[in-house]
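Chains, contacts and geometry: an overview
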Amino acid sequence: VQLQASGGGLVQAGGSLRLSCAASGRTFSRYTMGWFRQAPGKEREFVSVISESGGSTDYADSVKGRFTIARDNAKNTVYLQMNSLKPEDTAVYLCAAHPKGSFPLPKVPGLYNYWGQGTQVTVSS
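Okay, so let's go over this structure.

Turning next to the environment of T90. By the secondary structure assignment, T90 is in the loop between β8 (77–82) and β9 (91–98). Sequence-wise, T90 and G9 are 81 residues apart; in three dimensions their C-alpha atoms are separated by 9.9 Å. Contact partners of T90, with chain neighbours within four places excluded, come to A39, Q120, V121, T122 and V123. A polar side-chain atom of T90 sits 2.9 Å from the main-chain carbonyl oxygen of P87.

Taken as a whole and judged by the stated rule, the model has five salt bridges. For the salt bridge of D58 with K107, the shortest nitrogen-to-oxygen distance reads 2.8 Å. Placement of D58 in strand β6 (residues 57–59) and of K107 in the loop between β9 and β10 (114–115) is noted, with a sequence separation of 49 residues between them. On the accessibility criterion, D58 (21% relative accessible area) is partly exposed. Its relative accessible area of 38% is what places K107 among the partly exposed residues. One salt-bridge network, in which partners are shared between bridges, spans R37, E45, R66 and D89.

This brings us to unusual backbone geometry. Most peptide bonds take the trans configuration, and most residues that are not glycine carry a negative phi. For N76, which is not glycine, the phi dihedral falls at a positive 55°. As for its placement among the helices and strands, N76 is situated in the loop between β7 (67–72) and β8. Even without glycine at this site, S84 takes up a positive phi of about 50°. Mapped onto the fold, S84 is located in the loop between β8 and β9. Assessed through its relative accessible area of 42%, S84 is described here as partly exposed.

If you walk through the whole model with that rule in mind, you get one disulfide. At a sulfur-sulfur separation of 2.1 Å, the disulfide partner of C21 is C95. In this structure the cystine formed by C21 and C95 twists about its S-S bond by roughly 65°; its chirality is therefore right-handed. Residue C21 is found in strand β3 (residues 17–23), and its partner C95 is found in strand β9; the two are separated by 74 residues along the sequence. Of the two residues examined, C21 and C95, each falls in the buried class.

Moving on, we get to the side chain of T77. Along the chain, T77 falls in strand β8. Polar contacts involving the side chain of T77 include one to the main-chain carbonyl oxygen of K75, which spans 2.8 Å.

Parameters and conventions
Residues numbered from 1 in each chain as written. Predicted model: local features only at pLDDT ≥ 70, side-chain atom pairs only at ≥ 80, totals over all residues. Heavy atoms only, no water. Helix = DSSP H or I, 4+ residues; strand = E, 2+ residues; numbered from the N terminus. Contact = heavy atoms within 4.5 Å. Polar contact = N/O pair within 3.5 Å; in protein donor to acceptor, adjacent residues only side chain to side chain. Salt bridge = Lys/Arg side-chain N within 4 Å of Asp/Glu carboxyl O. Buried < 20%, exposed > 50% of the residue type's maximum accessible area, 1.4 Å probe, protein only. Disulfide = S-S within 2.5 Å.

Encoded structure:
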């Protein structure tokens, strides 16, 4: 599967952005989808994950209550709605696909087989 992330940009603290990740192929609904982020000089970190059906989600503590993950399997797309953005949210955001259902939902980058190219999110103070 090929992934294409979009929706990043420059926003002031307290603002909102919605990221999208469009997937190719007809088996999107079989993939667990995750969002990760990587800031300069830092390791890639888990942000959020959603199950194949969209019925289960999980979030990093740092974004819980501010970010919402969703998916539309008919459109082969996963979304990340980011509200109340903070300067520390600044990073390249990447979507990733885990090629089967999994419980608990995977939060480790190494468990994901497919990655998009990333979209830059910059939050100014």
